[in-house]
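# Breakdown of the fold
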Amino acid sequence: IQALARLPIEQLRVDRAGGLRTAAFVSGYPGSPLGGYDKAIAGAAREVPDLPIVCRPALNEEYAASSVMGSQLAATQADPRYDGVIGIWYGKAPGVDRASDALRHAVYAGSHPRGGAIALVGDDPNAKSSTLPSSSAGSLFDMHIPVLYPGDPGEALDLGRHAIALARCTGLWASLKIVADVADGSGTVGLDPERVQPKIPLYEGKPYLHVPDGKLLTPRTLELEREIYEVRYALAAEFASANQLNCTTIDAPDAWIGLVSSGITYREVREALRRLGLESDRAIADAGIRLLKMQMPMPFNPNTLRRFSRGLEEIFVIEEKSPNLE
């Protein structure tokens, strides 16, 4: 939670170093596993009074999604205060269900190229603090929101930076899937400001540019739909490849089986292999096992999987609940 609260601070500092005068707007509805995020982000903002960060908890998830959607229109007005506004929505899995119409409209409106809208989605696959087990990946995929899946606090911060860059360069919203074990976790995090330097894919030889205008009426929405399917979502997959978000972590040349997993599940796979006696990378490779870590499971470049699967007899995909990645 503290790593996610640091995210807008770090991005605003990076923007200022790059000559951009940006602000951040955060809105959502609290609930475990993201319970306390609103207080954490408000506390973090008080530590940096020189940075314009507004945290406005909403009456419900729909209002929050609509307000974050509006943050992406701010820089298109005649008298903007900032070059762009980073918009952050937060909520747990039931909130994604409840706000799906607002989120879907927000995706069509899009992210500003100097702002960027992201969704922090709290999933509780083991129903640790929820009435029902949850996994939001399928819903996010249906709304054309790319899913980045961190497995620890450091990855939450780094993938958050990538999510903002992805939103800016594609015009899509991006999401971070935060499961309970990650939200409740702790770790030591390196904070070198140069550690995350997103590579931006090109469209027809130049950076793609989507500037939201809020006009969501047919027939314009039909063109927006085509653009999302054919251009923006494809660029998101290219972003994952360019930044090596999905990579083979153990590559045995004579492997017969490949294990594919994401986020906390990847860490659980490594722990399962350790308990089987395969405690080192060398031991896993000697057993004929190849591992693929998907930090952005949706969408992905099919060539990533084709390269990974060469020579394999079987691919085993491990994920929570629904077989979205599989």
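Scroll up to find the structure this text is about.
Calculation notes
Residues numbered from 1 in each chain as written. Predicted model: local features only at pLDDT ≥ 70, side-chain atom pairs only at ≥ 80, totals over all residues. Heavy atoms only, no water. Pairing = 2+ DSSP bridges. Helix = DSSP H or I, 4+ residues; strand = E, 2+ residues; numbered from the N terminus. Axes fitted to C-alpha atoms, helices over the stretch in contact; angles between N-to-C directions. Contact = heavy atoms within 4.5 Å. Phe/Tyr/Trp six-rings, centres within 6.5 Å; stacked < 30°, edge-to-face > 60°. Buried < 20%, exposed > 50% of the residue type's maximum accessible area, 1.4 Å probe, protein only. Left-handed = near helix turned anticlockwise from the far one by under 90°. Nonpolar A, V, L, I, M, F, W, Y, C, P; charged D, E, K, R; others polar.

Taken in spatial order, the four strands make up an open sheet running β7-β9-β8-β10, and their pairing is mixed. Two strands in the sheet have a free side with no partner beyond their single neighbour: β7 (246-250) and β10 (314-317). The average undirected angle you get between the axes of adjacent strands in this sheet is 25 degrees. The pairing of β7 with strand β9 (residues 289-294) spans four bridges and is antiparallel. Bridge pairing in β9 places T248 opposite L292. Strands β7, β8 (257-261) and β9 of the sheet are contacted by helix α10 (residues 263-275), whose axis makes an angle of about 155 degrees with β9.

One pass over the structure, following the stated rule, counts three aromatic pairs. Ring centres of Y37 and Y90 lie 5.3 Å apart, and the angle between their planes is 70 degrees; this geometry places the pair in the edge-to-face category. Pair noted here: Y37 is in helix α2 (residues 37-47) and Y90 is in strand β3 (residues 84-92), with a separation of 53 residues, a long-range link. For the pair Y37 and Y90, a shared accessibility class is recorded, and that class is buried.

Packing of helix α7 (residues 153-170) against helix α9 (residues 220-242) brings their axes to within 10 Å, and their N-to-C directions diverge by 145 degrees. Judged by the sense of rotation from one axis to the other, the crossing of α7 with α9 is right-handed. Between α7 and α9, the residues in contact are H162, A165, L166, C169 and T170 and R232, L235, A236 and F239, respectively. In terms of residue class, the contact of α7 with α9 is made up of six nonpolar, two polar and one charged.

With that settled, the discussion passes to the sheet that holds strand β5 (residues 147-148). Strand order in the open sheet made by the six strands is β2-β1-β3-β4-β6-β5, with parallel pairing throughout. Edge positions in the sheet fall to β2 (53-55) and β5, since each of these pairs with one other strand and no more. Where strand β1 (residues 22-28) lies against β3, seven bridges are found, and the strand directions are parallel. Looking at β3, one finds that V26 is bridged to I88. Packed onto the sheet, α7 meets β1, β3, β4 (117-123), β5 and β6 (174-179) and runs at close to 160 degrees relative to β6.

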